[in-house]
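Chain and residue survey
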Amino acid sequence: MIILGIETSCDETAAALVKDGCSVLRTTVASQLAVHKPFKGVVPELASRAHVERINEVIAETLGNGKPKPDAVAVTTGPGLIGCLLVGTVTARTLAWVKNIPVIGVNHLEGHLFAGLVEHPTLKPPFLGLIVSGGHTELVIFKGYGRYEKLGHTRDDAAGEAFDKVANLLSLPFPGGPSIDKAARKGNPHAIAFPRAWIPGTLDFSFSGIKTSVSNYLQTTSKNNRAKVVDIAASFQEAVVDVLVKKTLHAAEAQGLKSIVIGGGVAANSRLRQAFQAAASQKKVRVYLPNLSFCTDNAAMIAAAGYYKIKHRLGVQEKLVVNANLEIQNWKTASL
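Summarised in this report is the structure supplied together with it. Worth saying up front: this structure is predicted, and the values here are computed from it rather than measured.

**Quick word on the sheet that holds strand β10 (residues 286-288)**
- With respect to topology, five strands assemble into an open sheet ordered β8-β7-β6-β9-β10, the strand pairing being mixed. Each end of this open sheet is capped by a strand with a single partner; those strands are β8 (147-153) and β10. On average, each strand axis in the sheet is inclined to that of its neighbour by 25 degrees, with strand direction left out of account.

**Let's talk about the environment of Leu95**
- Checked against the element boundaries, Leu95 lands in helix α3 (residues 82-99).
- Look at Leu95 and you get buried, because its relative accessible area is 17%.
- Considering only alpha carbons, one finds Leu95 and Leu257, 162 residues apart in sequence, at a separation of 40 Å.
- Not counting residues within four places of it along the chain, the set of residues in contact with Leu95 comprises Leu4 and Ile59.

**Some details on a nonpolar patch on the surface**
- A cluster of nonpolar side chains, contributed by Val35, Phe39 and Leu46, occupies part of the molecular surface with about 250 Å² of accessible area.
- Here Val35 lies in helix α1 (residues 33-36).

**A look at the packing of helix α2 (residues 44-63) against α3**
- Contact geometry for α2 and α3: axes closest at 8 Å, N-to-C directions at 30 degrees. As summarised for this structure, α2 and α3 are arranged roughly parallel, according to the angle between their axes. Here the hand of the crossing between α2 and α3 comes out right-handed. Taken together, the residues of α3 that come into contact with α2 (itself represented by Pro44, Ala47, Ser48, His51, Val52, Ile55, Ile59 and Leu63) are Gly83, Cys84, Val87, Gly88, Thr91, Leu95 and Lys99.
- Within the contact of α2 with α3, the residues separate by chemical class into nine nonpolar, five polar and one charged.

The rules behind each value
Residues numbered from 1 in each chain as written. Predicted model: local features only at pLDDT ≥ 70, side-chain atom pairs only at ≥ 80, totals over all residues. Heavy atoms only, no water. Pairing = 2+ DSSP bridges. Helix = DSSP H or I, 4+ residues; strand = E, 2+ residues; numbered from the N terminus. Axes fitted to C-alpha atoms, helices over the stretch in contact; angles between N-to-C directions. Buried < 20%, exposed > 50% of the residue type's maximum accessible area, 1.4 Å probe, protein only. Contact = heavy atoms within 4.5 Å. Patch = residues over 30% accessible without salt bridge, like charges linked within 9 Å, V, L, I, M, F, W, Y side chains within 5 Å. Areas by Shrake-Rupley, 256 points an atom, 1.4 Å probe, with all protein chains shown as cover. Salt bridge = Lys/Arg side-chain N within 4 Å of Asp/Glu carboxyl O. Parallel < 35°, antiparallel > 145°, perpendicular 65-115°, else oblique. Left-handed = near helix turned anticlockwise from the far one by under 90°. Nonpolar A, V, L, I, M, F, W, Y, C, P; charged D, E, K, R; others polar.

Any functional reading would require information beyond the geometric quantities listed.
Structural data, given as C-alpha cells:
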C-alpha cells in the first residue's frame, strides 16, 4: 500500500510517498529557514503563506509522473500552527476527493515515533519513545498501534525551545539547535556547571531554569572573566543532554523496556546521539535514532503513521477536523 504523506504543522512544507510504512519512494521538503531567520523564530502568518505558495509544487514533485499512484493520503492535523495545519488538511482533503481515496489524520507527535519505524520496520511494540523537539519534550510508551501512555513531559520550555533561546543569548544564528551543536564541538562541556532540573519522583522535564542560568551567567560575569562562547554552548548542551539521556534510560528500566525510539528535531543533535548510544550500550538497551532527514519535520513519518492506522483500522475516516491542541493520550481518536 502506498501512502502520500503531507506535513505542514510549522515551518517546513513536506510531502512523501511511502510504501508499506517503511519504503520511502520519494520525499520532498521545502524549508522556510530564509523566511524566518531575520526574526530569529517562526512567524505564524509568514509560515502559513509560505505553505500556500509551495505546497502544490512540493506535492507535484513528490508525485512525479503520477506513478505509482497513492492508495490514501495521510496529513498532520495537529498539534501545530493552526493556519499551517489548515493549508495541509484542506489540500489533503481536496486531493483525496479528486482521486477518490481515503484521507487519514495523523497527530504530529505520533508521527515522530513512527519515524523510527520507517527505517526499522522490524521494530515491534512495546517500546519507549522520547519525542524531543522545538515545541515538545515527551516520554511515551508505545504500547501498540494506536495505544500510548504518556510518562512525562516538559513543565515549561521544550528542549529545542531552550536551544533556540540560549543561542539567541549567545548571538548565535537561528535555528539555535544546529548553531549550539556546531559551537559546542569546539568547546569544553565541563567549563561551567549549569544546573540540571531532575524533578525527583517524576519523569517530567524542565529546561526554563537552565536557560535562565545561562542568562544570569552572562549578566553577572564580566567579559574578561567569562568563558568562551563555545564553552558556554558546550556546557549548556551537556546539561540538557545529561537530563534527557538519564531520565529516558531510567524510564526504560522502570518499565522493563529494552527498546527506545528517539524522535524530533533535537534527535539530530550530535552530542545527544553519541550520549544515547554510549549509555544504551552500558545498560544493554537498544536505541533507535532516525536518519537526520527524518528527525526534523517530514512527511515520510506522517505517511508511515497513516499506513499503520489503515493496517490496524485505527479511526480511518474521510472527514477531518483540525485540532491544534491534541493531547498525547487522545492520539487514538482525537486526530480525526
